[in-house]
Amino acid sequence: MAIEIEHRDCVSIVTMNRPEALNAFNSGQMLALIDAFREVGTRIETRCIVLTGTGEKAFAAGADIREIVNLDVQSGTSFGRLGHTVTRTIEEVRQPVIAAVNGYALGGGCEVAIAADIRLASPNAVFAQPEVGLGIPPGWGGTQRLPRLVGPGMAAEMILTGRRVHAEEALRIGLVNAIHPLDQLLDASVELANSIAVNSPYAVRTAKQLMRLAFNEQSISGLQTEAERFGAAFGVADQHEGMTAFTDKRKATFENS
Ligand code: COA
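Residues numbered from 1 in each chain as written. Predicted model: local features only at pLDDT ≥ 70, side-chain atom pairs only at ≥ 80, totals over all residues. Heavy atoms only, no water.

1. Concerning the site of the ligand
So, step 1. Around the ligand, a shell composed of 17 residues is seen, among which K57, A61, A63, I65 and R66 lie nearest.
So, step 2. Backbone polar atom of A63 to a nitrogen atom of the ligand: 2.9 Å apart, as the coordinates give it.
So, step 3. R66 places a side-chain nitrogen or oxygen 2.6 Å from an oxygen atom of the ligand.
So, step 4. Elements represented by at least two residues in the shell around the ligand include exactly α2 (65–68) and β6 (104–106).
So, step 5. For the shell around the ligand, the per-class residue count stands at eleven nonpolar, no polar and six charged. (Near = heavy atom within 4 Å. Polar contact = N/O pair within 3.5 Å; in protein donor to acceptor, adjacent residues only side chain to side chain. Helix = DSSP H or I, 4+ residues; strand = E, 2+ residues; numbered from the N terminus. Nonpolar A, V, L, I, M, F, W, Y, C, P; charged D, E, K, R; others polar.)

2. A look at the nonpolar core
So, step 1. Judged by nonpolar contacts, the single largest core of 56 residues is most densely connected at L33, L51, F59, F127 and L175.
So, step 2. If you look at the next biggest cluster of nonpolar residues, it comprises 13 residues, including I13, C48, A193 and V204. (Core = buried A, V, L, I, M, F, W, Y, C linked by side-chain atoms within 4.5 Å. Buried < 20%, exposed > 50% of the residue type's maximum accessible area, 1.4 Å probe, protein only.)

3. Observations concerning the environment of L223
So, step 1. Along the polypeptide, L223 turns up in helix α10 (residues 217–232).
So, step 2. Overall, the relative accessible area of 9% leaves L223 in the buried class.
So, step 3. A C-alpha to C-alpha distance of 9.0 Å links L223 and R145, two positions 78 residues apart in sequence.

4. Describing the packing of aromatic side chains
So, step 1. Inspection of the entire model under this criterion finds three aromatic pairs.
So, step 2. With centroids separated by 5.4 Å and ring planes inclined at 55°, the aromatic side chains of F25 and W140 adopt a geometry described as tilted. Taken as a pair, F25 in the loop between β2 (11–16) and α1 (27–41) and W140 in the loop between β8 (126–128) and α5 (142–150) lie far apart in primary sequence, 115 residues in all.
So, step 3. Of the residues examined, W140 reaches a relative accessible area of 2% and is grouped as buried.
So, step 4. Here the aromatic cluster, defined as three or more aromatic residues joined through ring pairs, consists of F25, F79 and W140. (Phe/Tyr/Trp six-rings, centres within 6.5 Å; stacked < 30°, edge-to-face > 60°.)

5. Regarding the packing of α5 against helix α6 (residues 152–161)
So, step 1. Close contact between α5 and α6 brings their axes to 7 Å; oriented N to C, the two are set at 135°. One element, α5, and the other, α6, form an angle in the oblique class. Both α5 and α6 take part in a crossing whose hand is right-handed. On α6, the residues that touch G142, T143, L146, P147 and V150 of α5 are P152, M154, A155, M158 and I159.
So, step 2. Here the residues of the contact of α5 with α6 are counted per class, giving eight nonpolar, two polar and no charged. (Axes fitted to C-alpha atoms, helices over the stretch in contact; angles between N-to-C directions. Parallel < 35°, antiparallel > 145°, perpendicular 65-115°, else oblique. Left-handed = near helix turned anticlockwise from the far one by under 90°. Contact = heavy atoms within 4.5 Å.)

6. Thoughts on the side chain of S122
So, step 1. Within the secondary structure, S122 is located in the loop between β7 (118–121) and β8.
So, step 2. The residues touching S122, leaving out its near neighbours within four places in the chain, are V101, N102, G103, A167, I179, H180, L182 and L185.

7. Topic: the pairing of strand β5 (residues 97–101)
Each regular strand carries side chains that alternate between the two faces of the sheet.
So, step 1. The element β5 is extensively covered by neighbouring structure, given that five of its five residues are classed as buried.
So, step 2. A two-sided burial pattern is seen for β5, the buried positions comprising V97, A99 and V101 on one face and I98 and A100 on the other.
So, step 3. Relative to β5, strand β3 (residues 48–53) runs parallel, the two being bridged by four bridges. Bridging from a neighbouring strand, L51 pairs with A99 of β5.
So, step 4. Strand direction decides the pairing type here: β5 and β7, joined by four bridges, are parallel. Paired with A100 across the strands is L120, a residue of β7. (Pairing = 2+ DSSP bridges.)

8. Description of the pairing of strand β1 (residues 3–8)
So, step 1. Relative to β2, β1 runs antiparallel, the two sharing six bridges. Within β2, the residue paired with I3 across the bridge is M16.
So, step 2. Linking two consecutive strands that pair antiparallel, namely β1 and β2, is a turn of two residues; a positive phi of about 55° is found at D9 within it.

9. Notes on the packing of α1 against helix α3 (residues 73–92)
So, step 1. Axis separation between α1 and α3 bottoms out at 9 Å; the angle between their running directions is 25°. Here α1 lies roughly parallel to α3, going by the angle between them. The crossing of α1 and α3 is left-handed. Where α1 approaches α3, its residues S27, M30, L31, L33, I34, F37 and R38 are matched on the opposing element by F79, L82, G83, T85, V86, T89 and I90.
So, step 2. A per-class count over the contact of α1 with α3 returns nine nonpolar, four polar and one charged.

See below:
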């Protein structure tokens, strides 16, 4: 199954389970993740949600490059909109969401992690927005949410270079709240979830909604523009070159100005 749900009393654990592709998101995986959040979002007993990836290597390695390499502007825009629905569903679900980042969180994987309310990481966690090296801008909210989280300068460095940020640096820049050994990450995340779950569900839910108000109208229009510009990138040759280079396991050469 692409997405697994486990309930530990009032904490629901959602696990992205596609280890053969390092939990990369194809459209089936994205739809299943949306469904999973809608399901736990309406489960009265669930007071906090933990989101993680299966295996010891990856939280999620981003959008499935093999699925999107040959998209055009129209299908690229649809794919980007689906990615936005994933991150918005996580962000807007009633209960707080803790991302337990157990390895690579790249591209859409990083964008999914930053749509959560809180991030905990294992020492092997690696965050990056490598999209510009694939000929596209980030397209699931990264250009809007990452600057809020780590500040505009650090976000610009991550997004424009695509460089990897390892767990210790992620902790230093506020991308994660704490680091736990890989074999203890899930339990630590559930423990944190339980310390939220003992509080008033009404007050927690309201506080979460109020914190989202800091995400103002300007950012919402930024997200809409990002979805459009992400799709437009599929009409530029750089996208095909960047993604074909990945599937061919070679270095990309970009020629568009
Ligand atoms: N889309 C599709 N397949 C992916 C993938 C992705 N985003 N990320 C990893 N995979 C697949 C690989 O193609 C490989 O499949 P294969 O065994 O059939 O060749 C498998 O997952 C294992 O990945 P591999 O690259 O062999 O592992 P690695 O340890 O050498 O490298 C990464 C791991 C995550 C650094 C590397 O896979 C990578 O850079 N992935 C792409 C990340 C990315 O750019 N994401 C943003 C997409 S917009």
